[in-house]
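Structural description and commentary
Here are the chains, one letter per residue:
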Amino acid sequence: MLLVFVIALIGALLFSALSLPIPWLIGPIFSVLIAQFFIKDRLRWPAVLRNTGLVIVGVAIGQQFDFALFSDFKSLLFFMVIVNVLLFAFCLGIAWIIAKSTGLTFKTAVAANVPGGLSQLVLFAEEEGDVHLTAVTYFHIVRVLGVVLLIPFLVSGHVVGGASIPLTWDVWQVVLVILLAAIAVPLGRKLKLPVAHFLTPIIIVIGLKFFGIEAPTMPSDVLHIAQILIGAYIGLLLKPETLRLPLKVLIGGVTSTVAMIILTYGTSLLIAKFLDLSFATSFLSTAPGGLDQMGLLAAAVKADISVVTVFQLFRLLFIFLCILPIIKWVYRDRGETVQQN
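What you see as residue numbers is a count from 1 along each chain, following the sequence as written. Residue-level local features of this predicted model are given only where pLDDT is at least 70; pairs of side-chain atoms are given and counted only at 80 or more, and the full residue set underlies all totals for whole chains, interfaces and linings. The side-chain quantities take in all heavy atoms of the structure and omit both hydrogens and water.

Note on conventions: DSSP H or I runs of at least 4 residues are helices, E runs of at least 2 residues are strands, and numbering of each starts at the N terminus. In terms of regular secondary structure, the chain is built from 14 helices and zero strands. Start at the N end of the chain and walk to the C end: the helices and strands fall as α-α-α-α-α-α-α-α-α-α-α-α-α-α. In this scheme, a residue with accessible area under 20% of its type's maximum is buried, one over 50% is exposed, and one in between is partly exposed, where area comes from a 1.4 Å probe on protein chains only. Classification of the 341 residues of the chain by burial places 52% in the buried group. Approximately 16,200 Å² of the chain is accessible, and the part contributed by carbon and sulfur atoms is 69%. Note that accessible areas follow from Shrake-Rupley with a 1.4 Å probe, and for residues the cover is restricted to the protein chains shown.

Dropping the structure here:
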């Protein structure tokens, strides 16, 4: 764990010195990912550290949530529905191509290409049993890495300026809010909230704001630490042994990620125009990443966190309440038909 932290910190400092986008997240991801090819079976980073980072970022994002977003919610809802229906139709097309070109089953290809959360889609693959778990895991890890590594460079020229918040704050206020959010996480997990360690703190802080209690603004130094905790975990996701999949599957994972980012680029230009949003906000709102990664990137590049969070949350709910149940229903009926025959 100490070795991973040192490697992650070196990556963060190097990327910061080179003035690359979001160095405290991208640097650790890149350095830890590369280190795995040279350091075998020694790197460890428990999920509890990643979850700690998610809680901190969730508190920071909740503090910046703006209730004015819902003044024109009908227009927002219309575009959220259109974008997600278009994205899912596109995913089905990509899945059909991947299934034909790689030999994977169509069900596996769909599970691999639906842009939901990494942990949730991997869990879905485990539960189904007839889905190629390693392939699904690989596709989603590549998407997470591709989105997190590539998107900052695409939106870095569209960042809205904002001064960082120095480490001058009431320690006890910040600690108290973080502890309150962390204590509430088990409740969020019982309620089956997607990415509970991230979404629960957002809801807690928004709830405090709703009742007129302002949470202290998170200092940039604390957010840097949180990004290292998350970045180190993401960097360790892609193991060298994962690359032993057939070459067609490896290429398919990269191709589908690139295709989705290109689609996102096009749709984000339209949304930015019609909803009068910045490009960074519209792009992160429609990007095929997870709620936690896109929320973290939004906070780092000063995008409109409220819009990004609502768009990404709607996508997660759309996928887990509509798309995945449909996939289960379709293949369950097929299985029953085969048994009857």
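Next comes the rest of the description.
Below, the discussion takes up the packing of helix α2 (residues 23-35) against helix α10 (residues 220-237). What counts as an axis is a line fitted to C-alpha atoms, over the stretch in contact for a helix, and the angles between N-to-C directions run from 0 to 180 degrees. One can describe the packing of α2 onto α10 by two numbers: an axis separation of 7 Å at closest approach and a directional angle of 30°. As the angle between them shows, α2 and α10 are arranged roughly parallel. In the crossing of α2 with α10, the sense of the turn from one axis to the other is right-handed. Residue-level contacts link Trp 24, Leu 25, Pro 28, Ile 29, Val 32 and Leu 33 of α2 to His 224, Gln 227, Ile 228, Ile 230, Gly 231, Ala 232, Ile 234, Gly 235 and Leu 236 of α10. All amino acids are sorted into three groups, where Ala, Val, Leu, Ile, Met, Phe, Trp, Tyr, Cys and Pro are nonpolar, Asp, Glu, Lys and Arg are charged, and the leftover types, Gly among them, are polar. Looking at the contact of α2 with α10 residue by residue, the classes come out as 11 nonpolar, four polar and no charged. In these notes the angle categories are as follows: under 35 degrees is roughly parallel, over 145 is roughly antiparallel, 65 to 115 is roughly perpendicular, and the rest is oblique. Handedness of each helix crossing follows the sense of rotation of the near helix against the far helix: counterclockwise by less than a right angle gives left-handed, clockwise gives right-handed. Between two residues, a contact is recorded if the distance between any of their heavy atoms is within 4.5 Å.

Moving on: helix α4 (residues 73-102). Taking 1.5 Å per residue as the helical rise, α4 with its 30 residues ought to reach 44 Å, and the 42 Å between its terminal C-alpha atoms agrees with that figure. Of the residues making up α4, those classed as buried are Leu 76, Phe 79, Met 80, Val 83, Asn 84, Leu 87, Cys 91, Ile 94, Ala 95, Ile 98, Ala 99 and Thr 102. Within two residues after α4, Gly 103 carries a phi angle of roughly 90°, on the positive side. Each helix should span, by expectation, one fewer than its residue count multiplied by 1.5 Å.

Tracing the backbone shows Ser 282 in helix α12 (residues 279-286). The buried category is assigned to Ser 282, whose relative accessible area is 0%. Setting aside its immediate chain neighbours within four residues, Ser 282 contacts Ser 268, Ile 271 and Ala 272. Polar side-chain contacts of Ser 282 include one of 3.0 Å to the backbone oxygen of Ser 268. For this analysis, a polar contact is any N or O atom pair within 3.5 Å, provided that within protein one partner can donate a hydrogen and the other can accept it, and provided that sequence-adjacent residues contribute only side-chain to side-chain pairs.

So, on to the confidence of the model for the chain. Detailed reading of the predicted coordinates is not advisable wherever pLDDT is low. Mean pLDDT over the chain: 81, with 88% of residues reaching 70 or higher. pLDDT is a per-residue confidence score from the predictor, ranging from 0 to 100. Helix α1 (residues 2-17) holds the highest mean pLDDT among the elements of the chain, 94, whereas helix α6 (residues 118-128) holds the lowest, 68. Here residues 158-169 is a poorly scored stretch, pLDDT under 50, and it has 20 contacts once near neighbours within four places are set aside; other chains count. Here residues 336-341 is modelled with pLDDT under 50, and outside its nearest four sequence neighbours on either side it reaches zero contacts, counting other chains as well.

Time to look at the nonpolar core. Side-chain atoms within 4.5 Å are what join buried Ala, Val, Leu, Ile, Met, Phe, Trp, Tyr and Cys residues into a set we call a nonpolar core. Judged by nonpolar contacts, the single largest core of 94 residues is most densely connected at Met 218 and Leu 284. Per-element tally for this core: the top contributor is helix α14 (residues 305-340), with 12 residues. If you look at the next biggest cluster of nonpolar residues, it comprises 13 residues, including Val 32, Leu 43, Leu 229 and Leu 236.

Turning our attention to the side chain of Thr 286. Among the secondary structure elements, Thr 286 is positioned in helix α12. For Thr 286, a relative accessible area of 2% translates into the label buried. Not counting chain neighbours up to four residues away, the residues in contact with Thr 286 comprise Val 83, Thr 264, Thr 267, Ser 268, Ile 271, Gln 312 and Arg 315.

Turning to helix α5 (residues 106-113), a few remarks are in order. Of all eight residues in α5, seven are buried, a share of seventy percent or more. Every buried residue of α5 is accounted for by Lys 107, Thr 108, Ala 109, Val 110, Ala 111, Ala 112 and Asn 113.

Let us look at the packing of aromatic side chains. Aromatic rings considered in pairs are described by the distance between their centres and by the relative angle of their planes. Aromatic pairs are defined between Phe, Tyr and Trp rings, using the six-membered ring for Trp, whenever the two ring centres lie within 6.5 Å; interplanar angles under 30 degrees are classed as stacked, those over 60 as edge-to-face, and all others as tilted. The tally for this structure, following the rule as stated, stands at nine aromatic pairs. With a centroid separation of 6.0 Å and 90° between ring planes, the pair formed by Tyr 138 and Phe 139 is classed as edge-to-face. Residue classification places Tyr 138 among the buried positions, given a relative accessible area of 4%. Using a relative accessible area of 0% as the deciding quantity, one classes Phe 139 as buried. When the centroid spacing of 6.4 Å and the interplanar angle of 15° are considered together, the rings of Phe 314 and Phe 318 count as stacked. Here Phe 314 and its partner Phe 318 are both found in helix α14, four residues apart, which amounts to about one turn of the helix. The class for Phe 318 is buried, based on a relative accessible area of 19%. Clustering of aromatic rings is evident, with ring pairs tying together Phe 78, Phe 79 and Phe 274. Whether a charge sits over a ring depends on NZ of Lys or CZ of Arg being within 6 Å of the ring centre and within 35 degrees of the ring normal. Between Arg 50 and the ring centre of Tyr 233, over which it is positioned, the NZ or CZ distance is 4.4 Å.

For the rest of this paragraph, the subject is the environment of Ile 323. Relative to the helices and strands, Ile 323 is located in helix α14. The class for Ile 323 is buried, based on a relative accessible area of 5%. Taking the C-alpha atoms as reference points, Ile 323 and Phe 88, separated by 235 residues in sequence, lie 8.5 Å from one another. Leave out the neighbours within four places in its chain, and Ile 323 touches Phe 88, Val 114 and Phe 318.

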